Amino acid sequence: MKLLNFIICDDVRKELGNKQSLMGVHDDSIEFQVTPDNQNMWQKSLRIGIYAKVKPKDNEEVFKFKIRMKYNEKETALVDSSLTQPKIKPFNKIVISLVNDNFKFESPGNIRFFLDFYNQKKNL
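Rules and cut-offs
- Counting from 1, residues in each chain are numbered in the order their sequence is written.
- Restriction of local features to residues with pLDDT of at least 70 applies here, the model being predicted, together with a cutoff of 80 or more for giving and counting side-chain atom pairs; totals for whole chains, interfaces and linings are based on all residues.
- Side-chain calculation: all heavy atoms of the structure are included, whereas hydrogens and water are not.
- Should DSSP find at least two bridges between two strands, the strands are regarded as paired.
- Strands are runs of DSSP state E lasting at least two residues, helices are runs of H or I lasting at least four, and both sets are numbered from the N terminus onward.
- Helix axes use the C-alpha atoms of the stretch in contact, all axes being lines fitted to C-alpha atoms, and the angles between their N-to-C directions lie in the range 0 to 180 degrees.
- Note on terminology: a nonpolar core comprises buried Ala, Val, Leu, Ile, Met, Phe, Trp, Tyr and Cys residues joined through side-chain atoms within 4.5 Å.
- Any residue under 20% of the maximum accessible area for its type is buried, any over 50% is exposed, and the rest in between are partly exposed; the area is computed with a 1.4 Å probe on protein chains only.
- Pairs of residues are marked as contacts when any of their non-hydrogen atoms sit within 4.5 Å.
- Basic side-chain nitrogens of Lys or Arg form a salt bridge, by our definition, when they fall within 4 Å of a carboxyl oxygen of Asp or Glu.
- Definition of a polar contact: a pair of N or O atoms within 3.5 Å, with one able to donate and the other able to accept a hydrogen when the atoms are protein atoms, and with sequence-neighbouring residues admitted only if both atoms are side-chain atoms.

Undergrad: Mind showing me how you'd approach the sheet that holds strand S8 (residues 111-118) here?
TA: Backbone hydrogen bonds are what pair the strands of a sheet, in a parallel or an antiparallel way. The strand order across the open sheet formed by three strands is S6-S5-S8, and the pairing between neighbours is antiparallel. Edge positions in the sheet fall to strand S6 (74-82) and S8, since each of these pairs with one other strand and no more. In this sheet, neighbouring strand axes are inclined to one another by 15° on average, regardless of whether the strands run parallel or antiparallel. Here strand S5 (residues 64-71) pairs with S6 via eight bridges, running antiparallel. In the strand pairing of S6, Phe65 is matched with Ser81.

Written out as structure tokens, the structure reads:
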């Protein structure tokens, strides 16, 4: 399995012509624009979009995927889903896009994302 893209942004929009527009792409950090009087006040909410594209190896079975997030060492599964019709033909590529409209940040810290794929036997 080869990861082609994994992008964190503010929004993922589906466009005509089978295109996706990624709005507000984040680099290696997420910064909040707040007034000086709210700078050190937490909880902060933000819209978070995830866009991922992977290419399976030839004849590689993919039946399920999971997107996990570790935020200040607390792990959460954001998506835990089975792929539709995985046995019919090998995938040329798998594209995942999702948006969480009200993601809550409890405090400053580190966020790490994980994208896991599983075969029919539930092996990673």
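Undergrad: I keep staring at the nonpolar core and nothing clicks. Help me out?
TA: Note on soluble globular proteins: their nonpolar side chains tend to be buried together. Judged by nonpolar contacts, the single largest core of 16 residues is most densely connected at Phe65, Ile67, Ile94, Ile96 and Phe117. Elements supplying a minimum of two residues to this core: strand S4 (44-55), S5 and strand S7 (94-105). Beyond its immediate chain neighbours, meaning those up to four positions away, Phe117 contacts Met1, Val54, Val62, Lys64, Phe65, Ile94, Ile96, Asn123 and Leu124.

Undergrad: Help me understand unusual backbone geometry in this model?
TA: Excluding glycine, most residues fall at negative phi; most peptide bonds, likewise, are trans. One non-glycine residue, Asn18, lies in positive phi territory at about 60°. Classification of Asn18 as exposed rests on a relative accessible area of 79%. With a phi angle near 70°, Lys122 is a residue other than glycine that sits in the positive phi range.

Undergrad: What's the story with the sheet that holds strand S1 (residues 2-9) in this structure? I'm lost.
TA: Strand order in the open sheet made by the three strands is S1-S4-S7, with antiparallel pairing throughout. Strands at the two margins of the open sheet, each flanked by one partner only, are S1 and S7. Across the sheet, the axes of successive neighbouring strands diverge by a mean angle of 15°, strand direction being ignored. Pairing geometry for S1 and S4, over seven bridges, is antiparallel. Looking across to S4, one finds that Asn5 is bridged to Lys53.

Undergrad: I would appreciate a short explanation of the pattern of salt bridges in the present structure.
TA: Summed over the entire model, instances satisfying the criterion amount to six salt bridges. A salt bridge links Arg13 to Asp11, with the shortest nitrogen-to-oxygen separation between them at 2.9 Å. Judged by its relative accessible area of 40%, Arg13 falls in the partly exposed class. The residue Asp11 makes a salt bridge to Arg47 at a minimum N-O spacing of 3.0 Å. Here Asp11, found in strand S2 (residues 11-15), pairs with Arg47, found in strand S4; they are 36 residues apart in sequence, far enough to count as distant. On the basis of relative accessible area, Asp11 is assigned to the buried category, the value being 10%. Judged by relative accessible area, which is 35%, Arg47 ranks as partly exposed. What emerges from the salt-bridge pattern is a single network uniting Asp11, Arg13, Arg47 and Asp101.

Undergrad: Looking at this structure, how should I read the environment of Asn72?
TA: Counting through the fold element by element, Asn72 comes out in the loop between S5 and S6. Spatially, the C-alpha atoms of Asn72 and Ser107 are 8.7 Å apart, while their sequence positions differ by 35 residues. Each residue touching Asn72, except ones within four places of it in the same chain, is listed here: Ser107, Pro108, Gly109 and Asn110. A distance of 3.2 Å separates a polar atom in the side chain of Asn72 from a polar atom in the side chain of Ser107.

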